[in-house]
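# Report on the structure
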Amino acid sequence: MFAASADAGLMLCAHAGEEGPPAYIHEALDILQVDRIDHGNRALEDPALVARLARDAMTLTVCPLSNVALRNVDRLENHPIDRMLDLGLRATIHSDDPAYFGGYIGENFRQTARAKNLSREQVVTLARNSFLGSFLDDDALSGHLATLDAYVKAHP
């Protein structure tokens, strides 16, 4: 299915490294040849994988509220999103089945930023990463990044 999707020109994503081990992320990269990893938290257990993800600017769509609900993280205050950013990972904040896990993307962002006491710079980086990791064409991407930059400049 992944090969057929790639042949059809679709961008590829796979859930990997939320509940399963770092090996699942390696498999998603090497076998499925994905363009983005949904979740990826457990990459932090494998320093070589972290280096690879950072070097390749592989986007990780992290879903903090589901991570807590699934007990991959005991409390939002202990979520590793800030560590992921510190390690140079292109982490983003997303929602994962909002009705089940208790929040759409905005709620994931608000609760995580508050619980982790994220800095303005970290919040801006998460927002920027979400655009960089999207599958927008270059014109749309540059427009969104320009809008983000203008907003950040206008609201110091």
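Model, not experiment: these values are computed from the prediction. (Residues numbered from 1 in each chain as written. Predicted model: local features only at pLDDT ≥ 70, side-chain atom pairs only at ≥ 80, totals over all residues. Heavy atoms only, no water.)

Taken as a whole and judged by the stated rule, the model has zero disulfides. In this structure Cys13 is not part of a disulfide, and its nearest cysteine sulfur, from Cys63, lies 11 Å away. What makes Cys63 buried here is its relative accessible area of 4%. (Disulfide = S-S within 2.5 Å. Buried < 20%, exposed > 50% of the residue type's maximum accessible area, 1.4 Å probe, protein only.)

With that settled, the discussion passes to the nonpolar core. The nonpolar side chains of a soluble globular protein tend to be buried with one another. Counting 24 residues, the largest nonpolar core has Ile25, Leu29, Ile37, Leu53, Ile81 and Met84 as the members making the most contacts within it. Every element with two or more residues in this core is listed here: β1 (13-16), α2 (22-30), α3 (47-55), β3 (59-62), α5 (81-86) and β4 (90-93). Contacts of Met84, omitting those with residues within four sequence positions, involve Gly40, Asn41, Leu44, Leu60, Val62, Leu89 and Ala91. (Core = buried A, V, L, I, M, F, W, Y, C linked by side-chain atoms within 4.5 Å. Helix = DSSP H or I, 4+ residues; strand = E, 2+ residues; numbered from the N terminus. Contact = heavy atoms within 4.5 Å.)

We now examine the sheet that holds strand β2 (residues 36-39). With respect to topology, four strands assemble into an open sheet ordered β1-β2-β3-β4, the strand pairing being parallel. Each edge of the open sheet is held by one strand with a lone partner, namely β1 and β4. Between one strand axis and the next, the sheet turns through 30° on average, direction left out of account. When β3 meets β4, the two strands line up parallel, connected through four bridges. Each residue of the ladder has a partner; that of Leu60, found in β4, is Ala91. Strand contacts of helix α8 (residues 120-132): β3 and β4, with the helix running at about 100° to β4, the strand carrying the most contacts. (Pairing = 2+ DSSP bridges. Axes fitted to C-alpha atoms, helices over the stretch in contact; angles between N-to-C directions.)

The next thing to look at is the side chain of Glu18. Mapped onto the elements, Glu18 comes out in the loop between β1 and α2. The buried charged residue Glu18 lacks any salt bridge partner; its closest oppositely charged side chain belongs to Arg42, at an N-O distance of 10 Å. Among the polar contacts listed, one links the side chain of Glu18 to the side chain of Asn67, at a separation of 2.9 Å. (Lys, Arg positive; Asp, Glu negative; His and termini not counted. Salt bridge = Lys/Arg side-chain N within 4 Å of Asp/Glu carboxyl O. Polar contact = N/O pair within 3.5 Å; in protein donor to acceptor, adjacent residues only side chain to side chain.)

Tallying each qualifying case throughout the model produces eight salt bridges. In this structure, Arg110 and Glu107 form a salt bridge, with 3.2 Å as the shortest nitrogen-oxygen distance. In this pair, Arg110 and Glu107 both sit in helix α7 (residues 105-116), three residues apart, roughly one turn of the helix. Here the residues in one salt-bridge network are Asp30, Arg52, Arg55 and Asp56, joined through shared partners.

Let's shift gears to the packing of aromatic side chains. Across all of its chains, the model carries zero aromatic pairs by this definition. Over the ring of Phe135 we find Arg36; its NZ or CZ atom is 4.2 Å from the centre of that ring. (Phe/Tyr/Trp six-rings, centres within 6.5 Å; stacked < 30°, edge-to-face > 60°. Lys NZ or Arg CZ within 6 Å of the ring centre and 35° of its normal.)

No statement about biological role is implied by the geometric values presented.
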